[in-house]
Amino acid sequence: MADRITPRKEDFSQWYADIIQHAKLADQAPVRGCLVLRPNGYALWEVVQGELNKKFKETGHQNAYFPMFIPESFLNLEKDHVEGFAPQCAVVTHGGGKKLEEALIIRPTSETIINSMYSKWVKSYRDLPVLINQWANVCRWEMRTRPFLRTMEFLWQEGHTCHETEDEARKETLKMLDIYLGFVRDVFAIPVIPGRKTESEKFAGAEETYCLEAMMQDKKALQAATSHYFGQRFAKVFDIKFQDRNSQMQYVYQTSWGISWRILGALIMTHSDDQGLVLPPKAAPIPVVIVPILQKNKDNSEVLNVCNKMKEELMPHHRVLLDDRLEHSPGYKFNEYELTGIPLRIEVGPRDLANGICVLARRDGKKSQVKLSELIVRVNEELSDLQKSLYNAAYERLKNNTHLENSFSTFKEKIESESGFYQLHWCGSRACEDKVKDETKATIRCIPFAQIRETGKCIVCEKESTGRVIFAKNY
RNA sequence: CGGGGCGUAGCGCAGUUGGCUAGCGCGCUUGGUUCGGGACCAAGAGGUCGUGGGUUCAAAUCCCGCCGCCCCGACCA
């Protein structure tokens, strides 16, 4: 029995060695919490980039790039922002063999450096809106790291926009959240709950933070994406002013929004099973693999000809891999593609050819025989059905593990034994939020947009509730 | 930073009451037979036993220091 990495649901960091590797830099300079994204894993990230870039273009956004180094003084301008980020910043103090006059921060996020440019670029209402996105790496020196979910350096995209009016900026914030929602739902097959963050959980420097909260297989919450409304807070400290339609000087209204490679962690933890990675077809860089049943030292030309024809037939619609390696047995390949999550495998051997059929094997275990003449239709059917069924399974899990609870004591008991989303009435006070956190480790993941129409009492203080919010343990 | 664990071949590990030439599985190389669910046989290659010091006739093994990694916790949009 081969002794390859055997993935276990409860230990997702062991999953899919082909995606990641922990970086062990040279012995003299080891750095904790770094990941190497191997080619297969980067291909997944490219799916994220490709899909989001499509949406960004449709909505008039452009990609740009800004420096990785941020002068320390930039970060210090916005009070909440610096308080939030200073503890986890990596700071460059030396360069060119000399101590720098002003330290440089390695960007933990780019609001400050980007806004310093925006203040030069924006002069008139005619310059607005500014709709820019950046694909970049950022660095946050976390105390404890977890592969994908909390790494020292990570890949993400961050959009930064300027608008003429508050209304327009607020709409932008929600529009981008909606784009993320569509992406994680339709491509990654991850159901999420959209909502607003509480004062204590929101982005350092934002007026409002919105988010998508997903539920992993262990029923813990994971924030899948965020979108922030800044109002004029950064505009005022970076002096981003424009002359409006009435010739008055005004500060811009701003937003920022981002999704990181954490979403790859979410993908893994949402769908994968003990056989390895499970990729929804639309998220798979290669959704279809053809495994011919070959024999060494024999004439395989008939089987290979058919496989090549199949590949040609399918390629216009899907990326297809034809695995004609002779050095591995078919069984080896079957297992390999299950481990790496390929959604659909086509098996073709001499026996099938005699009957004019092939075998379709889905990553979720469903197998069927298909006439060669119906291949394309059936492949498309199976892929779209698999996409749906993965989403549905995840949605059922989210639904079945989201509970309404009205008593603090039963809630404490329940969340002790069973993680999940708990919709609890909350008065809106920081004190009650903190009390729940202290006693249960659960925090308010979001104030969901979808509110149940009812009145109620805060689960802690029993004052009148502002509505039900989602409490959960999270990553 | 606290608590726990670990460091031996590319990967995963055994060996640790001091004792012989440091071993096993996977992977790798070569040859042959296989090939419809992780093939088998044979022959090979591959090691400063994390590091520095000490004890000893003798150290992967015992003692002390250092370094690094992992897990749990504190921290965290």
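Since the model is a prediction, treat every value here as computed from it, not as a measurement.

Digging into the overall build of chain A
Helix and strand content of chain A: 13 helices and 23 strands. Relative to the compact-globule value of 23 Å for 475 residues, chain A shows a C-alpha radius of gyration of 25 Å, a close match. Along the first, second and third principal axes, the C-alpha set of chain A runs to 80 × 60 × 55 Å. Residues classed as buried in chain A amount to 37% of the 475 residues present. Considering only intrachain contacts with a sequence separation of at least 6, the fraction spanning at least 24 residues in chain A is 68%.

Concerning helix H8 (residues 301-314)
For H8, built from 14 residues, the straight-helix expectation of 20 Å at 1.5 Å per residue is met to within 8% by its first-to-last C-alpha distance of 20 Å. Every buried residue of H8 is listed here: Cys307, Met310 and Leu314. For H8, the angular spread of the buried residues around the axis is 60°, confining them to a single face. Residues of H8 that are exposed and point more than 90 degrees away from the buried face comprise Ser301, Glu302, Asn305, Lys309 and Glu312. Residues of H8 that are buried in the fold lie against strand E15 (288-292), strand E16 (320-322), strand E17 (344-348) and helix H11 (375-400).

Description of the sheet that holds E17
The strand order across the open sheet formed by five strands is E16-E15-E17-E18-E19, and the pairing between neighbours is mixed. The open sheet has two edge strands, E16 and strand E19 (367-371), and neither has a second partner. In this sheet, neighbouring strand axes are inclined to one another by 25° on average, regardless of whether the strands run parallel or antiparallel. Of the strands in this sheet, E15 and E17 are in contact with helix H9 (residues 330-339), which crosses E15 at around 170°. Across the face of the sheet, H11 comes into contact with E15, E17, strand E18 (357-362) and E19 while running at roughly 10° to E18.

Observations regarding the sheet that holds strand E14 (residues 253-260)
Adjacent strands of a sheet pair through backbone hydrogen bonds, lying either parallel or antiparallel. With mixed pairing, the eleven strands of this open sheet are ordered in space as E3-E7-E8-E14-E11-E10-E9-E22-E23-E21-E20. Among the strands making up the open sheet, the edge pair consists of strand E3 (62-63) and strand E20 (402-404). In this sheet, strand E21 (residues 421-426) lies alongside E20 in parallel orientation, the contact comprising three bridges. Bridge pairing in E21 places Leu404 opposite Gln423.

Some remarks on helix H13 (residues 430-440)
The complete set of buried residues in H13 reads Cys432, Glu433 and Val436. The buried side chains of H13 occupy one side of the element, clustering within an arc of 105° when seen end-on. Turned more than 90 degrees away from the buried face of H13 sit Arg430, Ala431 and Asp438, all of them exposed. The secondary structure elements touched by the buried residues of H13 are E21, strand E22 (443-448) and strand E23 (467-472). Phi turns positive, to about 75°, at Lys441, one or two residues after H13.

Observations regarding the domain arrangement of chain A
Along its sequence, chain A is organised into domain 1 (16-271), domain 2 (281-397) and domain 3 (402-472). The C-alpha-based centres of domain 2 and domain 3 are spaced at 47 Å.

Notes on unusual backbone geometry
Omega for the peptide link from Leu128 to Pro129 comes to -5°, which places this bond in the cis form. Mapped onto the elements of the fold, Pro129 is located in the loop between helix H4 (111-121) and strand E7 (130-139). The residue Ser247 is not glycine, and still its phi comes out positive at about 65°. With respect to the secondary-structure elements, Ser247 resides in the loop between strand E12 (241-243) and strand E13 (249-251).

Examining the packing of H8 against H11
If you want to describe how two helices pack, look at the angle between their axes and the distance between the axes. Closest axis-to-axis distance for the H8/H11 pair is 10 Å, and the angle between their directions is 60°. When the axes of H8 and H11 are compared, the crossing they make is right-handed. Across from Met310, Glu313 and Leu314 in H8, the residues of H11 making contact are Leu375, Ile376 and Val379. Here the residues of the contact of H8 with H11 sort into five nonpolar, no polar and one charged.

Quick word on the nonpolar core
Core analysis: the largest hydrophobic core is formed by 85 residues, its most contacted members being Val184, Ile190, Ala224 and Ile263. For Ile190, the contacting residues outside a window of four places in its chain are Val184, Arg185, Ala214, Ala224, Ala266, Leu267, Thr270 and Ala394. Counting 24 residues, the second largest nonpolar core, distinct from the first, contains Ile113, Val130, Cys162 and Phe234.

A closer look at the pairing of strand E6 (residues 98-106)
Where strand E4 (residues 69-71) meets E6, three bridges bridge the pair, whose relative direction is antiparallel. By the bridge assignment for E6, Phe69 is matched with Ile106. As judged from the five bridges shared by strand E5 (residues 90-95) and E6, these two strands associate in the antiparallel manner. Within E6, the position partnered with Ala90 by the bridge is Ile106. Hairpin remark: E5 followed by E6, antiparallel, with two residues in the connecting loop; positive phi at Gly96, about 60°.

Looking at the pairing of E14
In terms of burial, E14 is a largely internal element, eight of the eight residues being buried. A two-sided burial pattern is seen for E14, the buried positions comprising Tyr253, Thr255, Trp257 and Ile259 on one face and Gln254, Ser256, Gly258 and Ser260 on the other. Alignment of strand E8 (residues 153-163) against E14, held across eight bridges, turns out to be antiparallel. Residue Thr161 lies in a different strand from E14, and its bridge partner there is Thr255. In terms of strand pairing, strand E11 (residues 221-231) meets E14 through five bridges, oriented antiparallel. Directly across from Ser227, in E14, lies its bridge partner Trp257.

Procedures and definitions
Residues numbered from 1 in each chain as written. Chains lettered and ligands numbered in written order. Predicted model: local features only at pLDDT ≥ 70, side-chain atom pairs only at ≥ 80, totals over all residues. Helix = DSSP H or I, 4+ residues; strand = E, 2+ residues; numbered from the N terminus. Rg over C-alpha atoms; globule rule 2.2 N^0.38 Å. Buried ≥ 20, exposed ≤ 12 C-beta atoms within 10 Å, placed from the backbone. Contact = placed C-beta atoms within 7 Å. Expected span 1.5 Å × (residues − 1). Arc of directions from axis to C-beta. Pairing = 2+ DSSP bridges. Axes fitted to C-alpha atoms, helices over the stretch in contact; angles between N-to-C directions. Domains from an automatic or database assignment. Left-handed = near helix turned anticlockwise from the far one by under 90°. Nonpolar A, V, L, I, M, F, W, Y, C, P; charged D, E, K, R; others polar. Core = buried A, V, L, I, M, F, W, Y, C linked by C-beta atoms within 7 Å.

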